[in-house]
Amino acid sequence: MEIPTEDKFSFAFGKPPTFSLQPVPLLTAAKEVPKKDKNTISKVKKEGATFKIPRVGIPKLESQWRDVKWTEEQKKALMKTVSSYRPSCEEVTQARVLLLGPVSSGKSSFISSVQSAFNGRVTNRAMVGSFLTSFTKKVLLEQQQLQSFNIHAQKGEDKTGLVLCDIMGLGDGEMTGLTLHDILSVIKGHAPEGHKFSPDQPVTSETAGYVKTPSLKEKIHCVAFVVDASKIATYPKGLSTTFKKLREHISDLGVHQVALLTHVDQICPETDKDISQVYQSRNIEDTMRQAAALLGMSPSYIVPVKNYSAELDVHVNTDVLLLSAVDHILQYADLFFKDCQPRHTSLGLCPSKK
């Protein structure tokens, strides 16, 4: 029985479904703003980014709507919290977190930015961009694969208790091949590392490297959806349906979900100048609500982040925001282990750590 949905997102029991979202158009500078837009008066392009300029008379909030300390001490405290984290289950040494979102939402950049915060300098694990040279085509092909990245506390030091897993984005144009079936196979731990996704070759027991009986440590323990703040208003209408169906199936597996709102510096000039203004920006607060509606989750599950892009050096405020996001993710990952302890303990599989 096939379940009809919008914008080419459908699935039938017995046949892997395919996401086939249309490419998202970039925001462009506009000479006029519709009268219904009460929060902005113009859009201005700056080095490829499009900013919404707040209407005169609507000042920033007097205080932060989330309490964050923008200090070097706070950064060090967060680094210690993240680097010392270990799952509350003896069978598992690292929490595996799957990043899932539209193409160009900032998944790969987030991984690089988090590692940069620990390294003390900006490093990129892969070239990110849209210029289809032979090299970037190779990179895009690699991004179709399931890739797991250990986050290290500092260069040369032991890895932390966090693994960030990256797969291709939802709606990769002609490269689209990510299906609901394959996403769930990754979360359940059946998909092997390095598996290249294709709509014509879904993950099955015949797939090379298929994990028939995955252990708890091979499964995904938390899913972090990633959406671009600068594209919230222009994402295809069917994307909301896609997210909600994904969330329903992922929740059925007992896996908690959070969300990252990337590129927040591109929708607010003040935040672009000083990222510590993020929780005093009315525009970002409003965009957070839009993201919550898109994803079908409470804003309390969503955290804003700014990835490193053109910078050469790290900045304490950017690091605080990134590490706060990681800490947020790990809290929900650990809920997974706490939820599964009674069931696994009774089977002698997951005794809690003392």
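Okay, so let's go over this structure. Here the structure is a predicted model, which is why all the values come from computation and not from measurement.

1. Describing the packing of aromatic side chains
By the definition in use, this model includes four aromatic pairs. Ring centres 4.9 Å apart and planes at 90 degrees place the aromatic pair W65 and Y279 in the edge-to-face group. Pair noted here: W65 is in the loop between β5 (49–54) and α1 (72–83) and Y279 is in the loop between α6 (269–273) and α7 (282–295), with a separation of 214 residues, a long-range link. Assessed through its relative accessible area of 25%, W65 is described here as partly exposed. On the accessibility criterion, Y279 (5% relative accessible area) is buried. For the ring pair F336 and F337, a centre distance of 5.6 Å and an interplane angle of 80 degrees mean the geometry is edge-to-face. As far as the burial class goes, F336 and F337 line up, both buried.

2. Digging into the nonpolar core
Membership of the largest hydrophobic core comes to 88 residues, with the highest contact counts inside it found for F110 and F225. Here the element with the most residues in this core is helix α8 (residues 316–346); it accounts for 13 residues. Those residues in contact with F110 that sit more than four places away from it in its chain are L99, L164, L260, V305, N307, L322, A325, V326 and I329.

3. A closer look at the pattern of salt bridges
On inspection of all chains with the given rule, the structure shows four salt bridges. Close ionic contact of D319 with K75 constitutes a salt bridge, the shortest N to O distance being 2.8 Å. Of this pair, D319 sits in helix α8 while K75 sits in helix α1, and the two are 244 residues apart along the sequence. Both residues of the pair, D319 and K75, count as buried. For the salt bridge of R289 with E285, the shortest nitrogen-to-oxygen distance reads 3.6 Å. Linking R289 with E285, this pair stays in helix α7, spanning four residues, or about one helical turn. Judged by its relative accessible area of 48%, R289 falls in the partly exposed class.

4. As for the side chain of Q257
You can see Q257 is positioned in strand β10 (residues 256–262). Here the side chain of Q257 touches V255 through a polar contact of 2.9 Å, landing on its backbone oxygen. Ignoring any residue separated from it by four or fewer positions in sequence, one finds Q257 in contact with V223, F225, R247, I250, S251, M297 and Y301.

5. Focus: the packing of helix α5 (residues 238–252) against α7
Their axes nearest at 7 Å, the elements α5 and α7 cross at an angle of 65 degrees. Of the residues in α7, those in contact with L239, S240, F243, K244 and R247 of α5 are A293, L294 and L295. The residue makeup of the contact of α5 with α7, split by class, is five nonpolar, one polar and two charged.

6. What to know about α5
Compared with an ideal rise of 1.5 Å per residue, which puts 15 residues at 21 Å, α5 spans 22 Å between its outermost C-alpha atoms and is within 8% of the ideal. Within the span of α5, buried status applies to G238, L239, S240, T242, F243, K245, L246, R247 and I250. Backbone geometry just downstream of α5 places G254 in the positive-phi region, at approximately 80 degrees.

7. Notes on unusual backbone geometry
Located in the positive-phi region is S104, a residue other than glycine, with phi close to 65 degrees. Of note in the backbone geometry, H263 takes a positive phi value of approximately 60 degrees without being a glycine. Assignment of secondary structure puts H263 in the loop between β10 and α6.

8. Digging into helix α4 (residues 180–188)
Of all nine residues making up α4, seven are buried, and the element is well covered by its neighbours. Regarding α4, the residues found buried are L180, D182, I183, L184, S185, V186 and I187. Looking one or two residues past α4, G189 carries a phi angle of roughly 95 degrees, positive in sign.

Procedures and definitions
Residues numbered from 1 in each chain as written. Predicted model: local features only at pLDDT ≥ 70, side-chain atom pairs only at ≥ 80, totals over all residues. Heavy atoms only, no water. Phe/Tyr/Trp six-rings, centres within 6.5 Å; stacked < 30°, edge-to-face > 60°. Helix = DSSP H or I, 4+ residues; strand = E, 2+ residues; numbered from the N terminus. Buried < 20%, exposed > 50% of the residue type's maximum accessible area, 1.4 Å probe, protein only. Core = buried A, V, L, I, M, F, W, Y, C linked by side-chain atoms within 4.5 Å. Contact = heavy atoms within 4.5 Å. Salt bridge = Lys/Arg side-chain N within 4 Å of Asp/Glu carboxyl O. Polar contact = N/O pair within 3.5 Å; in protein donor to acceptor, adjacent residues only side chain to side chain. Axes fitted to C-alpha atoms, helices over the stretch in contact; angles between N-to-C directions. Nonpolar A, V, L, I, M, F, W, Y, C, P; charged D, E, K, R; others polar. Expected span 1.5 Å × (residues − 1).

Function cannot be inferred from these measures alone, as they are strictly geometric.
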